Each structure stands twice: as structure tokens, then as C-alpha cells.
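Results of the structural survey
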Amino acid sequence: MSLAVPTSAEFPVLAREGLVYLDTAATSQTVRSSIEAMDRYYETYRATIHRSVYAIAAEATEAYETARDKVAAFAGAAPGETVFTRNATEAINLVAYAWGRANVGPDDLVVTTQMEHHSNIVPWQILGSKLAYIPVGDDGLLDLGALDELLERRPKLVCVGHVSNVLGTINPVEEIARRAHAAGALVLVDGAQAVPSLPVDFSALGADFYAWTGHKAYGPTGIGVLHGRRELLEEMPPFLGGGHMIARVGELESTWADPPAKFEAGTMPVAEAIGLGAAVDWLSGIGMDNVREHGRDVTSYALERLSEIDGLTIHGTHDMDRRGSLVSFVLEGVHPHDVAEIIGREGVCVRAGHHCAQPLMRRLGAPASTRASIAVHNTREDIDRLIDALGTVQEVFA
Ligand SMILES: Cc1ncc(COP(=O)(O)O)c(C=O)c1O
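None of the values given here were measured: they were computed from a predicted structure. (Residues numbered from 1 in each chain as written. Predicted model: local features only at pLDDT ≥ 70, side-chain atom pairs only at ≥ 80, totals over all residues. Heavy atoms only, no water.)

**Examining a negative patch on the surface**
As a reminder of what qualifies: Patches in this entry comprise residues that are over 30% relatively accessible and not in a salt bridge; like charges within 9 Å are linked, as are nonpolar side chains (Val, Leu, Ile, Met, Phe, Trp, Tyr) within 5 Å. Only the protein chains shown count as covering a residue, and every accessible area follows the Shrake-Rupley method with a 1.4 Å probe. Within this document, salt bridges are pairs made up of a side-chain nitrogen of Lys or Arg and a carboxyl oxygen of Asp or Glu, the two lying within 4 Å of each other. We count Lys and Arg on the positive side and Asp and Glu on the negative side, and we leave His and both chain ends out. One atom stands in for each charge, and that atom is NZ of Lys, CZ of Arg, CG of Asp or CD of Glu. Helix and strand labels come from DSSP, where a helix needs a run of H or I of at least four residues and a strand needs a run of E of at least two; each type is numbered from the N terminus. Type-normalised accessible area, obtained with a 1.4 Å probe on protein chains alone, sets the label of each residue: buried when under 20%, exposed when over 50%, and partly exposed for intermediate values.
Together, Asp-139, Asp-143, Glu-149 and Glu-152 make up a negatively charged patch on the protein surface. Along the chain, Glu-149 turns up in helix H5 (residues 144-151). A residue is classified by how much of its surface remains accessible, and Glu-149, at 57% relative accessible area, is exposed.

Right under this line is the structure:
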């Protein structure tokens, strides 16, 4: 394993005694360099961006736009294809409202998948078009045969998660984009779980829109990203109206700035964008291939150790070529919330619940599960602590 595992030197919160943080899929810890970059903004050049002409305002604008350049390069997109939002949810809603309302009517079809986070389901329900789901097989993989059948109905859009936040499945988004485009549909990818854990190249994937979020990528909360093909962003009407997104405002109508400004109305999360720029710098320094390799190593160890526990069912594939850095499981006879609470008392932080993926949980026949997710700072020893803590759960419920 080539990764020198970062510790409290890089993640201040890890200095807390006994903490084993296995909940990065919910939110990651923020890397020190990101916190410091935000502190520098607040302490030395705090000013608004894109408006004022004095020195610290120019510095702030420059830092914000440099952050955009870094974030774009990190995900294989051009800066003009990179819009800052508040989170992945807002990035998907931006597409649903701006592109969707202009291009999708009530009789049109949007295709999503049975393994999506609610963020990639509910905006399409609100849009009010027809909605169909690519089913998930017992192997935890999408049924691409069913996709082909749905494509015969000529959908306007196919929406798919790059990595499932429950099953861990890495979906073949490049292949899905190829098939969808051949049928005349656009493709939106929810990359919230992928960008922090795998090398992602927006232009190579061939998707039309790609959404992700800073707080799972070792950056701060309150910042998300939408990459969109330039010509689509140019054609799309705005999402929110207000300052900065305009070219000219008349009394009765207005014209719009070019993208990405067209989609960044009002004062943006400046510090958070700068913090995300620092976080992706840090990830690039490690190398996303190394991040993936590390996640693969610790996750396959977790699969191996969890499989040894009697009465424990793991959701999703065990094929690490198809699985990202998380494992959801159910322990027979114990509610996932009880599992999380008991192991939480031993300092092991995991998520329990429906993971904002209720259609998938119904498919799995389990209203809830416990999920351990693996970050750059986790080690095999953290998994040993998880397994020991699960031993305590079994003793309590014996
Ligand atoms: C797959 C997936 N998509 C979208 C989201 C939503 O991210 P955010 O809360 O940053 O909008 C999450 C977060 O849990 C997620 O796991």
C-alpha cells in the first residue's frame, strides 16, 4: 500500500482520544490545509468577490476563481463547465429546474435507478415528468438490459449515481452514457460518493452533467459542484435570479451572464470554495489512484472481517473492481440504530438508517442498515476496532 495514512497532523479531529471515524460517506473530516485556507481568507483578505475593486476584494476574487480552476482540473472539466453550488443536492436541482423545466414535459420520461440517493430522485419527481427506474439485481449491480428496454421509450434524461452510498456499487457510467446518448438521452451523474474516492474525469466519462459535494471530499460544508457541458450551460435558462448572474437588468426583463456566472446568483460561499480548492490540492498531492488503492485495501479487509461474523449480511457485491470504499450490513436480530449506538459508545462512528435511499432499502427488504465508510485516514486497525465493537453488540444482544 503506497499511501502514508494521514493522521491528526492533517485531520485535527482525529486527535480526539479513541475516535475511529468510519462515516466519511455521510461527511468527511476537513483536512487541515482546507481549514487553514479558509482561515487565511477570513483573517487576511475577507471581502466580497466580483464586485469591489480594492486590493483585498481583488485577492478574494482571484482566490475564488483559482479554486474553480483547481476543482475543474481535479474532476477533468473546464472552469467554464464548473458551477459552484451549496452541495450535490443543489447541483442536481439546478439541472432539474433550469434544464428540466425547459426541456422535459409532463409526458416525457426521465430514467433514474433504484439505487439512487433521494437527491437524485426527488428533484425529478418535483419536475413532474414520467419517471422510471433501472432495477438493481441481487448482485447489487444495475440491470443494464433493463436500461436498454427503458431507452426504447426515448427518455430525455438518464440519471445515475457513480457510486452507490448504500451498496458501494461503482456503476459503469461511461457505458451508460454511451447507450443513453445513442438513444438521444442526456446523462446526469451523481458523483457525491465517487469524487472523493476514485479518479474522476468528467470529459472522459462522456456525461452531460456531473454533480458532487465538498463536505464528502475533505473540504467544508456548504459548497457543491456542478459540471455541465458548456453548450448545455449556455442554452439553459438560469436557476436562481439575483446579483452577479445577469448581463443587464431592465425594468421588465433581464439578460444573463455567461456560465458559470449565470448559475451563481447572490453572494457565493467564498471561504468554502477556497477551502474546497485546498482540499482537492491535497487529494491531488496524494494522487487519486493511491486514494482508490487505499480504499480498496481497507474495504476488502472490512468485507473479509465482517463476513466472519455469524448472522451478519453484507449488502452489495464483494467484487472490489465494482465496489467503492463503503460497506453496509445488517446484523440479525439487532436494529441498525442499536448497532451504531453501541459501537458509537466505543468511539466507532458509523451511520445507521435508510441512508436517504428508501426505494433501494425496499428493494433490499431492509428498512435500515449500518454503514461503515472508509476514508484516506482509515486503516485496517480501524476495521479491527469496528469488529471488536460489533462483538460487544453481540454480547449485549446474546
Ligand atoms: C450518493 C449521494 N448523492 C447525493 C448526496 C447528497 O449530498 P449533499 O447532502 O452534499 O447534497 C449524498 C449524501 O449523502 C450521497 O451519498
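**With respect to the sheet that holds strand S8 (residues 224-228)**
Our working rule: Only when DSSP finds a minimum of two bridges between them are two strands counted as paired. Axis definition: a line fitted to C-alpha atoms, limited for helices to the stretch in contact. Angles are taken between N-to-C directions and run from 0 to 180 degrees. Throughout, a contact is declared for two residues whenever any of their heavy atoms are within 4.5 Å.
With mixed pairing, seven strands are arranged side by side in an open sheet as S2-S8-S7-S6-S5-S3-S4. Two strands in the sheet have a free side with no partner beyond their single neighbour: strand S2 (82-85) and strand S4 (130-134). The mean inter-strand angle of the sheet, taken between neighbouring strand axes irrespective of direction, is 20°. Examined bridge by bridge, strand S3 (residues 109-113) and S4 share five bridges and lie parallel to one another. Its bridge partner being in S4, Leu-109 is matched across the sheet by Lys-130. Where helix H2 (residues 55-74) meets the sheet, its contacts fall on S2, strand S7 (209-213) and S8, and the angle it forms with S2 comes to roughly 115°.

**Focus: the packing of aromatic side chains**
To keep it simple, the criterion reads: Working definition: rings of Phe, Tyr and Trp (its six-membered ring) pair if their centres are within 6.5 Å, and the pair is stacked with planes under 30 degrees apart, edge-to-face with planes over 60 apart, and tilted otherwise.
The full count for this structure, using the stated rule, is nine aromatic pairs. Between Phe-74 and Trp-212, the aromatic rings sit 6.3 Å apart at their centres with planes inclined by 50°, giving tilted as the arrangement. One end of the pair, Phe-74, is in helix H2; the other, Trp-212, is in strand S7, and 138 residues separate them in sequence. For Trp-212, a relative accessible area of 0% gives the class buried. One aromatic cluster is present, formed by Phe-11, Tyr-218 and Trp-282 through successive ring pairs.

**Concerning helix H6 (residues 173-182)**
Rule in force here: Relevant arc is that of directions from the helix axis to the C-beta atoms, nothing else.
Turning to H6, its buried residues are Val-173, Ile-176, Ala-177 and Ala-180. Down the axis of H6, the smallest arc covering the buried residues is 100°, so these residues share one side. Structural note: H6 exposes Arg-178 and Ala-182 on the side pointing more than 90 degrees away from its buried face. Of the surrounding secondary structure, the elements contacted by the buried residues of H6 are H5, strand S5 (157-161), strand S6 (186-190) and helix H7 (202-205).

**Observations concerning helix H11 (residues 336-345)**
Taken as a whole, H11 has its buried residues at Pro-336, Val-339, Ala-340, Ile-342 and Ile-343. Elements in contact with the buried residues of H11: strand S12 (326-331), strand S13 (348-349), strand S14 (351-353), strand S15 (369-373) and helix H13 (380-396). In the segment just after H11, Gly-347 is the residue with positive phi, at about 90°.

**Notes on the sheet that holds strand S11 (residues 312-315)**
The four strands lie next to each other as S11-S12-S15-S14, forming an open sheet whose pairing is antiparallel. Because the sheet does not close on itself, it has two edges, and the strands there are S11 and S14. For this sheet the average axis-to-axis angle between neighbouring strands, irrespective of direction, equals 30°. In terms of strand pairing, S11 meets S12 through four bridges, oriented antiparallel. If you follow Leu-312 over to S12, its bridge partner there is Leu-331. Of the strands in this sheet, S11 and S12 are in contact with helix H10 (residues 288-307), which crosses S12 at around 10°. Packing against the sheet, H11 makes contact with S12, S14 and S15, and its axis sits at approximately 160° to S14.

**Some remarks on the domain arrangement of the chain**
In plain terms, the rule: These domain limits were set by an automatic method or by a database of domain assignments. Buried area is a sum: the accessible area each of two parts loses on coming together, probed at 1.4 Å, counted once for each and added. Distance and chemistry together define a polar contact, namely a pair of N or O atoms within 3.5 Å, with one atom able to donate a hydrogen and the other to accept it when in protein, and with adjacent residues in sequence counting only for side-chain atoms on both sides. Put simply, Ala, Val, Leu, Ile, Met, Phe, Trp, Tyr, Cys and Pro go in the nonpolar bin, Asp, Glu, Lys and Arg in the charged bin, and everything else, Gly too, in the polar bin.
Domain boundaries in the chain define domain 1 (12-31 + 287-396) and domain 2 (34-285). In this structure, domain 1 and domain 2 have C-alpha centres spaced 27 Å apart. Regarding the contact of domain 1 and domain 2, the summed buried area is about 3,200 Å², with carbon and sulfur atoms giving 59% of it. By the criterion of area lost to domain 2, the three top residues of domain 1 are Val-31, Met-288 and Arg-322, representing 22% of everything that side buries. Summed over the shared surface of domain 1 and domain 2, the result is one salt bridge. Put simply, Asp-138 and Arg-363 hold a salt bridge, and the shortest N to O gap is 2.7 Å. Counting every contact that joins domain 1 to domain 2 gives 25 residue pairs in polar contact (both at pLDDT 80 or more). Elements represented by at least two residues in the side of domain 1 that touches domain 2 include exactly H10, S12 and helix H12 (358-364). Tallying contributions element by element places H12 first for the side of domain 1 that touches domain 2, with six residues. In terms of residue class, the side of domain 1 that touches domain 2 is built from 15 nonpolar, 15 polar and seven charged.

**Some words on the site of the ligand**
Keep this limit in mind: Residue proximity to a molecule or strand is established when one non-hydrogen atom of the residue lies within 4 Å of it.
With respect to spatial proximity, the complete set of residues near the ligand consists of Asn-87, Ala-88, Thr-89, His-117, Ser-119, Asn-165, Asp-190, Ala-192, Gln-193, Thr-213, His-215 and Lys-216. Separating an oxygen atom of the ligand from a side-chain N or O atom of His-117 is a distance of 3.2 Å. Taking Thr-213, its side chain carries an N or O atom lying 2.6 Å from an oxygen atom of the ligand. When the free accessible area of the ligand is taken as 390 Å², the share hidden by the protein chains comes to 87%. Counted by class, the shell around the ligand contains two nonpolar, eight polar and two charged residues.

**Overview of the pairing of S3**
To be explicit about the condition: Here the term right-handed applies to a crossover when the path leading from its first strand over the helix to its second strand runs clockwise, the strands being oriented away from the viewer.
The buried fraction of S3 amounts to five of the five residues, a majority that puts the element mostly inside the structure. Of the two faces of S3, both are covered, the one formed by Leu-109, Val-111 and Thr-113 as well as the one formed by Val-110 and Thr-112. You can see the chain leave S3, run along helix H4 (residues 122-127) and come back into S4, and the turn it takes is right-handed. Direction of pairing for S3 relative to S5: parallel, over a ladder of two bridges. Counterpart to Val-110 in the pairing with S5 is Leu-157.

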